[in-house]
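Topology and contacts: notes
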Amino acid sequence: MAFLKVLVQRIGYAVLLLIAVLVLNFTMINLAPGDVVDTIAADMGGANAELMAQIRAEYGLDQPVIVQLGSYIGRVLQFDLGYSYFYNRPVTELIFERLPATLLLVFSAQIFALVLGILLGVFAAQNPNGPLSHLVTLFALFGYAAPVFWTGILLLIAFSLKIPLFPVAGMRDVTIEGGFFPQALSVAHHLVLPMLTLGSIFIALYSRLCRASMLEVLGSDYVRTAKAKGLRPRDVVMKHALKNALPPVVTLAGLQFSAVISGAVLVETVFSWPGLGQLALTSILARDTPTILGILFFSALVVIVGNLLTDLVLRMIDPRVRGRG
Amino acid sequence: MTTFLKALARSVAAAALLVSAAHADEPVKGGTLITTLPQTPRHLNPAVQSGIVTGAPGAQLFAAPLRYDEDWTPQPYLAESWAWSDDGLSMTLNLVQDARFHDGEPITSEDVAFSVETIKANHPFKTMFGVVETVETPDEHTAVLKLSQPHPALLLAMSSQLMPIIPKHIYGDGQDPKSHPRNGQDVVGSGPFKFVEFTPDQQVILERNDDFFIEGRPYLDRIVYRIIKDAAARSIGMENGELHMTTFENTVRNIKRMSENDSLNVTDEGYAAIGPINWLAFNTGQDGPLADKRVRQAIAYALDKDFILNAIMLGLSQEAKTGIHPGSPLYFPDVNGYDLDLDKANALLDEAGYPKDANGIRFALTIDHGNPTTKPQAEFTKASLAKIGIDVSVNSFVDFPTWANKISNHDFDMTWDTVFNWGDPVIGVHRTYDSQNIKEGVIWSNTQQYANPKIDELMNAAGQEIDPAKRAELYREFQEILAEDLPVYWTNTLPYHTIYSKKVGNPPLGIWASSSPYDLVYLKDE
């Protein structure tokens, strides 16, 4: 099967890419002055030289960098991401604890941005020079241009403080007892603002692209034919035009996965969303190399999986891709 | 403390009493206090981890021999009484009877001895228990700390932040206490609250210890520490009522905004023991202008401290004229405060042999800052020193390790820094000025490379002086000489504030702020 062949090839590239990611990141982190022991010492409010030397020896940080790199790659190949210096726990454990929160945030923000972006794009394409179309553009570009932490704080002030609809931080209300349903509801309640914030950056991209793509399609012969057949304008737009306008948008969405993840770092910090982004920030500031590398490894993995999913979706909506195999 | 400050403190205390009397508040039992931590603690055991985010929940989980309220007098806690020997070489602690750990095991003098040994071997502050040679346990409720020299700092070291009593039957199992699995999960302590949950980056949940050794306490059923790193999010949480209390707030704009909210109380009381001080540090050890104290003094004269206090800190922090926190009874404010005087600054630089060149420049220096909160001070320093012919370039470092590495390896001219007193000067003050503590690679050691035999001698004497009056006298001289030598130029305290809703009764305003036991804290009935 052609698809399987492509898949195997993709996975092969992915493994090579992941190893490159590891080596590159390891080198870059080690190029920066200072290490986790400096942070641990600071965290303790000061320390003494003996204690610091002892901790360095415990973590193998007194070894030459090349030796550290070699042993690290060796362990990763055995699916061992090592031990976090800072949290004193296995990195895989830390990451799996955080991954669901990040995936929830990233995917819901992505879907939200896609749905709203496409709707706005379609809407704007109907009357590309009308005032409403310009308004959409303005709104979308504002979301794109505003720094995401600023958007987050602004939404907090608006919808947590002035109109207290949503909680200010966290992922669930710890005082809520009960089964799956009330818990899920609480998570959804907490998810709204972070999702809007993270999604806001991408609405502009998707709506602008969808608008351009729609305009192109709407001008094509088969749409004119459809109109000439006397189909309702709504059917022309939604059934005939949109189907052909979508593939570029979906492709872009796939490419944006890495951007969504990096955006999540900031959004998670503003909203105390307990995902990988917050873990990443803490470990970067703490120079907790195994955790940083682990997170980058998983982020690369998420991006790769996201791209594969995009491919699958494209196959679903575009028979031409399917045909190409 | 000056008489003025004392009077001020007294009137504030009186006002507070009046307010509480007006409400005729009797502590109420029950309720869940929702408060905050600004970072995720590595774990919850303060015996092997310093820092306020471990100290806050740690003080609830573990009891200490002594406790402190807003004045600096020690009060009984797990020790009903304590006494120095006449020669100051031993401290006898008498523990309360029938105190039990959360798992029901009795708290004995063995646990005290074990805790002291563990802290001594693993805690970064070696000066706290370094002089404790042995801990004798003549009976179950008596522990005697034997010292190699008199050590008055012990009294402040015996509070919750620094000397939690940890159970020997759990932490004495041979595993490394620094990475013990029970530090962060299933923690068994001796304090007013028991461990329920610790989820990094989310929350720490504690519940009432029904078997607490002080009858009828604590009042609260639960404490939830929500870990919220973003200061703006914490202040919005306070304003919309989602949080009852937040401590260690130091972003002045947020504090200002919260202080305008009628439903919130905002106070800077409670941070005297932790004692955070902002200062401009000079690398006195390298060849060049900063080795000359006249140059350092000139720089101090050229910086307008009022601008820092009022424009940068918005009037929310106190002036600090020495390395000892203004809230400490050992603080001596009658030293040279280096009020703005550009003529004097210029004269000192001329005298030191650094005339202005044709462009009006005397020499160039760099200033580093690693903490984003000190960026305004760094920029302000550059602008101020330009006026006296010193060309300053500012280096910003986004992350702590890079900055710490540079400073601790003495590769800098000047840097803005924040350093904590941690109770007694022996613990957090001496390290900055001790010539024996010039250690490459160790941040917050004597990174200024300052050495003065007279200062070393004074610290040595004060560290061993049991008589409080004589001790204060030694520290007075210490502060006077330092204010003249100026290895660092102290400007202000960090504007730490506690913000609490009107619902919170007995907020932690003692000298250890949130690192004190919350057994007296309660939530008022609506």
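For the structure itself, consult the block above.
Residues numbered from 1 in each chain as written. Chains lettered and ligands numbered in written order. Predicted model: local features only at pLDDT ≥ 70, side-chain atom pairs only at ≥ 80, totals over all residues. Heavy atoms only, no water.

**Some points on helix H13 (residues 400–408) of chain B**
All names here are of chain B. Among the nine residues that make up H13, seven are buried, leaving the element largely enclosed by the rest of the structure. What H13 keeps buried is the set Pro401, Thr402, Trp403, Ala404, Lys406, Ile407 and Ser408. Positive phi shows up at His410, right after H13, with a value of about 60°. (Buried < 20%, exposed > 50% of the residue type's maximum accessible area, 1.4 Å probe, protein only. Helix = DSSP H or I, 4+ residues; strand = E, 2+ residues; numbered from the N terminus.)

**What to know about the sheet that holds strand S18 (residues 497–501) of chain B**
Residues and elements named next belong to chain B. Strands sit in the order S11-S18-S12 across an open sheet of three strands; the sheet is antiparallel. Edge positions in the open sheet fall to strand S11 (245–249) and strand S12 (264–267), since each of these has one partner strand only. The mean angle between the axes of side-by-side strands here comes to 15°, regardless of whether they run parallel or antiparallel. Summarising the sheet, S11 and S18 pair through three bridges and their orientation is antiparallel. The residue bridging Glu249 from the neighbouring strand is His497, located in S18. (Pairing = 2+ DSSP bridges. Axes fitted to C-alpha atoms, helices over the stretch in contact; angles between N-to-C directions.)

**Re the side chain of Gln203(B)**
Mapped onto the elements, Gln203(B) comes out in strand S9 (residues 203–208). A polar contact is formed between the side chain of Gln203(B) and the side chain of Glu197(B), at a distance of 2.8 Å. (Polar contact = N/O pair within 3.5 Å; in protein donor to acceptor, adjacent residues only side chain to side chain.)

**Some words on empty space enclosed by the protein**
Under the defined criterion, the tally for this structure stands at six cavities of 30 Å³ or more. Considering only enclosed or pocket space, the largest cavity measures out at about 90 Å³ in volume. Around the largest cavity, the lining residues are Ala169(A), Gly170(A), Met171(A), Arg172(A), Val174(A), Ser272(A), Asp201(B), Gln202(B), Gln203(B), Arg226(B), Ile227(B) and Ile228(B). When grouped by side-chain class, the residues that make up the lining of the largest cavity number five nonpolar, four polar and three charged. Estimated volume of the second largest cavity: approximately 70 Å³. Forming the walls of the second largest cavity are Trp279(B), Ala281(B), Ile407(B), Thr415(B), Asp417(B), Val419(B), Thr432(B), Ile443(B), Trp444(B), Ser445(B), Thr447(B) and Gln448(B). Broken down by secondary-structure element, the contributors of at least two residues to the lining of the second largest cavity are strand S13 (276–282) and strand S16 (414–420) of chain B. When residues in the lining of the second largest cavity are grouped by element, the largest group, three residues, is from S16(B). The residue inventory of the lining of the second largest cavity, partitioned by class, reads six nonpolar, five polar and one charged. (1 Å grid on protein atoms, 1.4 Å probe; cavity = no way out; pocket = protein on both sides within 12 Å on 5 of 7 lines; lining within 4 Å. Points joined across faces, edges and corners; volume = space filled by probe spheres on them. Nonpolar A, V, L, I, M, F, W, Y, C, P; charged D, E, K, R; others polar.)

**Brief notes about the packing of aromatic side chains**
Residue and element names in this part refer to chain B. Taken as a whole and judged by the stated rule, the model has 24 aromatic pairs over all chains. Here Phe248 and Tyr496 contribute two aromatic rings whose centre-to-centre distance is 4.8 Å and whose plane-to-plane angle is 80°, an arrangement assigned as edge-to-face. On the criterion of sequence distance, the pair formed by Phe248 in strand S11 and Tyr496 in the loop between strand S17 (488–493) and S18 is long-range, its members being 248 residues apart. By relative accessible area, Tyr496 is classed as buried at 8%. Every member of this aromatic cluster is reached through a ring pair, and the members are Phe125, Phe248, Tyr271, Phe420, Trp422 and Tyr496. The ring of Tyr77 has Arg67 sitting right over it, with the charged end atom 4.8 Å from the ring centre. (Phe/Tyr/Trp six-rings, centres within 6.5 Å; stacked < 30°, edge-to-face > 60°. Lys NZ or Arg CZ within 6 Å of the ring centre and 35° of its normal.)

**Description of helix H7 (residues 148–162) of chain A**
Given a rise of 1.5 Å per residue, 15 residues ought to cover 21 Å, and the 20 Å separating the end C-alpha atoms of H7(A) matches this to within 8%. Burial in H7(A) covers these residues: Val148(A), Thr151(A), Gly152(A), Ile153(A), Leu155(A), Leu156(A), Ser160(A) and Leu161(A). On its buried side, H7(A) packs onto helix H8 (180–218) and helix H11 (257–271) of chain A together with helix H7 (231–239) of chain B. (Expected span 1.5 Å × (residues − 1). Contact = heavy atoms within 4.5 Å.)

**Some thoughts on the interface of chain B and chain A**
Across the contact, 46 residues belong to chain B and 49 residues belong to chain A. A combined buried area of about 3,800 Å² lies between chain B and chain A, and 56% of that area is made up of carbon and sulfur atoms. Per-residue buried area on chain B facing chain A is highest for Arg42(B), Asp201(B) and Ile236(B); these three make up 18% of the total on that side. Applying the counting rule to chain B against chain A returns two salt bridges. (Buried area = accessible area lost by both parts, 1.4 Å probe. Salt bridge = Lys/Arg side-chain N within 4 Å of Asp/Glu carboxyl O.)

**Describing the packing of helix H5 (residues 91–126) of chain A against helix H10 (residues 233–255) of chain A**
Two measures define how a pair of helices packs: the angle their axes make with one another and the distance between the axes. All names here are of chain A. It is at 11 Å that the axes of H5 and H10 come closest, and there the two elements cross at 135°. Taken together, H5 and H10 sit at an angle that is classed as oblique. Relative to H10, the crossing made by H5 is right-handed. Here Gln110, Leu114, Ile118, Val122 and Gln126 of H5 lie close against H10, whose contacting residues are Val237, Met238, Leu242, Leu246, Val249 and Ala253. Here the residues of the contact of H5 with H10 sort into nine nonpolar, two polar and no charged. (Parallel < 35°, antiparallel > 145°, perpendicular 65-115°, else oblique. Left-handed = near helix turned anticlockwise from the far one by under 90°.)

**Concerning the pattern of salt bridges**
This model, assessed by the stated rule, comprises 28 salt bridges over all chains. When the shortest N-O distance is used, the salt bridge between Glu473(B) and Arg476(B) registers 2.5 Å. Linking Glu473(B) with Arg476(B), this pair stays in helix H17 (residues 468–485), spanning three residues, or about one helical turn. Take Arg476(B): its relative accessible area is 24%, and that puts it in the partly exposed class. Through salt bridges with shared partners, one network takes in Arg89(A), Glu93(A) and Glu97(A).

**A look at the nonpolar core**
Residues and elements named next belong to chain B. Counting 83 residues, the largest nonpolar core has Leu33, Phe129, Leu145 and Trp512 as its most contacted members. Looking at this core element by element, the count peaks at five residues for helix H3 (residues 109–122). What Phe129 contacts, discounting residues up to four positions off in sequence, is Val116, Ile119, Lys120, Leu154, Ala157, Leu162 and Met163. One finds Ile277, Ala302, Leu330 and Leu365 within the second-largest nonpolar core, a separate group that totals 70 residues. (Core = buried A, V, L, I, M, F, W, Y, C linked by side-chain atoms within 4.5 Å.)

**What to know about a nonpolar patch on the surface**
Residues and elements named next belong to chain A. A cluster of nonpolar side chains, contributed by Ile11, Val15, Ile19, Val23 and Leu77, occupies part of the molecular surface with about 400 Å² of accessible area. Looking at the secondary structure, you find Ile11 in helix H1 (residues 2–31). What makes Ile11 partly exposed here is its relative accessible area of 46%. (Patch = residues over 30% accessible without salt bridge, like charges linked within 9 Å, V, L, I, M, F, W, Y side chains within 5 Å. Areas by Shrake-Rupley, 256 points an atom, 1.4 Å probe, with all protein chains shown as cover.)

**Brief notes about the packing of helix H16 (residues 453–464) of chain B against H17(B)**
Residues and elements named next belong to chain B. Where H16 meets H17, the axes come as close as 9 Å, and the angle between the chain directions of the two elements is 160°. One way to sum up the angle between H16 and H17 is to call them roughly antiparallel. Here H16 and H17 pass one another in a crossing that is left-handed. Along its contact with H16, which presents Lys454, Ile455, Leu458, Met459, Ala461, Ala462 and Gly463, the element H17 presents Arg471, Leu474, Tyr475, Glu477, Phe478, Ile481 and Leu482. Within the contact of H16 with H17, the residues separate by chemical class into ten nonpolar, one polar and three charged.

This is a description of form; function is not addressed.
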